[in-house]
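# Examining the three-dimensional arrangement
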Amino acid sequence: MAPQKTVRKELPEIPVVDDKTIDFDTIESLFFAYRDFISDPDAILSKIGFGRAHHRVVYFVSRSPGMTVADLLAILQITKQSLARVLKELIDSGYIRQMAGPADRRQRRLYPTLAGRELALALSEPQSRRIARALEGLSPDQRDGVRRFLKGMRSSQPVAAKDGED
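Now for a description of the structure that goes with this document. Quantities reported herein were computed from a predicted structural model and do not represent experimental measurements.

## As for the overall build of the protein chain
For the protein chain, the helix and strand inventory stands at six helices and three strands. Starting at the N terminus, the α and β elements of the protein chain follow one another as α-α-β-α-α-β-β-α-α. Against the globule reference of 15 Å for 166 residues, the protein chain gives a C-alpha radius of gyration of 21 Å, more extended than a compact globule. Across its three principal axes, the protein chain shows a C-alpha extent of roughly 70 × 55 × 35 Å. When burial is assessed residue by residue, the protein chain has 20% of its 166 residues classed as buried.

Dropping the structure here:
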């Protein structure tokens, strides 16, 4: 038998980065904050056999009842295929209702059921408590600064290197 050739995967070119320019403290704070922020909803969801994708769908549909599937896809930035399984499970379990649009019957509009709304609130309540605790003692200007920071972090575009950096 002939020896098998080993196929080496070609690795992408990785830029050289000066680690002194990286804000590791903030990166780690964000990792740990997200881990803890999502832990309470994760515990609730695991009891009913759901995960974070279900959480995101129930949350946004509850925040904007009547949103279209296309709107939800744009918010979540996922494919139809990724959404289809999660949405089917939520509909079949009685948390989300799907209805044809009034003007265009092909358009699918999403609504939370009472159970879906209650689930969304149960998942958001511990997160809201966590946020309130973290903002406790901050002035209104400091709270606005936190919100500006979080808004500044929201971007679907990759952050380019500064001029002169590669």
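From this point, the narrative continues.
## Quick look at a nonpolar patch on the surface
A cluster of nonpolar side chains, contributed by Val-17, Ile-22, Phe-24, Ile-27, Phe-31 and Phe-32, occupies part of the molecular surface with about 560 Å² of accessible area. Within the secondary structure, Ile-27 sits in helix 1 (residues 24-47).

## Examining unusual backbone geometry
Positive phi, close to 55°, is recorded for Gln-77, a residue that is not glycine. Along the chain, the position of Gln-77 falls in the loop between helix 3 (69-76) and helix 4 (80-92).

## Points about helix 4
Between its first and last C-alpha, helix 4 extends 18 Å over 13 residues, near the 18 Å set by a 1.5 Å rise per residue. When we look at burial in helix 4, the residues that qualify are Leu-83, Val-86, Leu-87 and Leu-90. For helix 4, the buried positions fall inside an angular range of 100° around the axis, keeping them on one side. Seen from the buried face of helix 4, the exposed residues on the opposite side, beyond 90 degrees, are Gln-81, Lys-88 and Asp-92. On the buried face of helix 4, the contacting elements are helix 2 (52-63), helix 3, strand 2 (96-100) and strand 3 (108-112). Positive backbone phi, approximately 85°, marks Gly-94, located one or two places after helix 4.

## Here we look at the pattern of salt bridges
For the coordinates displayed, the defined rule picks out six salt bridges. Between Arg-35 and Asp-36 there is a salt bridge, with the nearest N and O atoms lying 2.9 Å from each other. Look at Arg-35 and you get partly exposed, because its relative accessible area is 46%. Taking the relative accessible area as the measure of exposure, Asp-36 reaches 29% and is therefore partly exposed. Between Lys-88 and Asp-92 there is a salt bridge; the shortest N-O distance is 2.6 Å.

## Remarks on the packing of aromatic side chains
The description of two aromatic rings rests on the distance between their centres and on the angle between their planes. In total, this model carries two aromatic pairs according to the counting rule given. Seen in terms of ring centroids, Phe-50 and Tyr-95 are 5.6 Å apart; in terms of plane orientation they differ by 75°. Their pairing is edge-to-face. Here Tyr-95 lies in the loop between helix 4 and strand 2 and Phe-50 lies in the loop between helix 1 and helix 2, a separation of 45 residues in the sequence. Here Tyr-59 and Phe-60 contribute two aromatic rings whose centre-to-centre distance is 5.0 Å and whose plane-to-plane angle is 90°, an arrangement assigned as edge-to-face. Overall, Tyr-59 belongs to the partly exposed group, its relative accessible area being 30%.

## Some words on the sheet that holds strand 2
Across the sheet, which stays open at both edges, the three strands sit in the order 1-3-2 with antiparallel pairing between neighbours. Taken across any chain shown, the strands that pair with only one partner, and hence form the sheet edges, are strand 1 (67-68) and strand 2. Set on the sheet, helix 4 makes contact with strand 2 and strand 3; between it and strand 2 the angle comes to about 105°.

## Re the side chain of Ser-62
Secondary-structure assignment places Ser-62 in helix 2. On the basis of relative accessible area, Ser-62 is assigned to the buried category, the value being 8%. The residues contacting Ser-62, other than those within four sequence positions of it, are Pro-112, Gly-116, Arg-117 and Ala-120.

Thresholds applied
- Residues numbered from 1 in each chain as written.
- Predicted model: local features only at pLDDT ≥ 70, side-chain atom pairs only at ≥ 80, totals over all residues.
- Heavy atoms only, no water.
- Helix = DSSP H or I, 4+ residues; strand = E, 2+ residues; numbered from the N terminus.
- Rg over C-alpha atoms; globule rule 2.2 N^0.38 Å.
- Buried < 20%, exposed > 50% of the residue type's maximum accessible area, 1.4 Å probe, protein only.
- Patch = residues over 30% accessible without salt bridge, like charges linked within 9 Å, V, L, I, M, F, W, Y side chains within 5 Å.
- Areas by Shrake-Rupley, 256 points an atom, 1.4 Å probe, with all protein chains shown as cover.
- Salt bridge = Lys/Arg side-chain N within 4 Å of Asp/Glu carboxyl O.
- Expected span 1.5 Å × (residues − 1).
- Arc of directions from axis to C-beta.
- Contact = heavy atoms within 4.5 Å.
- Phe/Tyr/Trp six-rings, centres within 6.5 Å; stacked < 30°, edge-to-face > 60°.
- Pairing = 2+ DSSP bridges.
- Axes fitted to C-alpha atoms, helices over the stretch in contact; angles between N-to-C directions.

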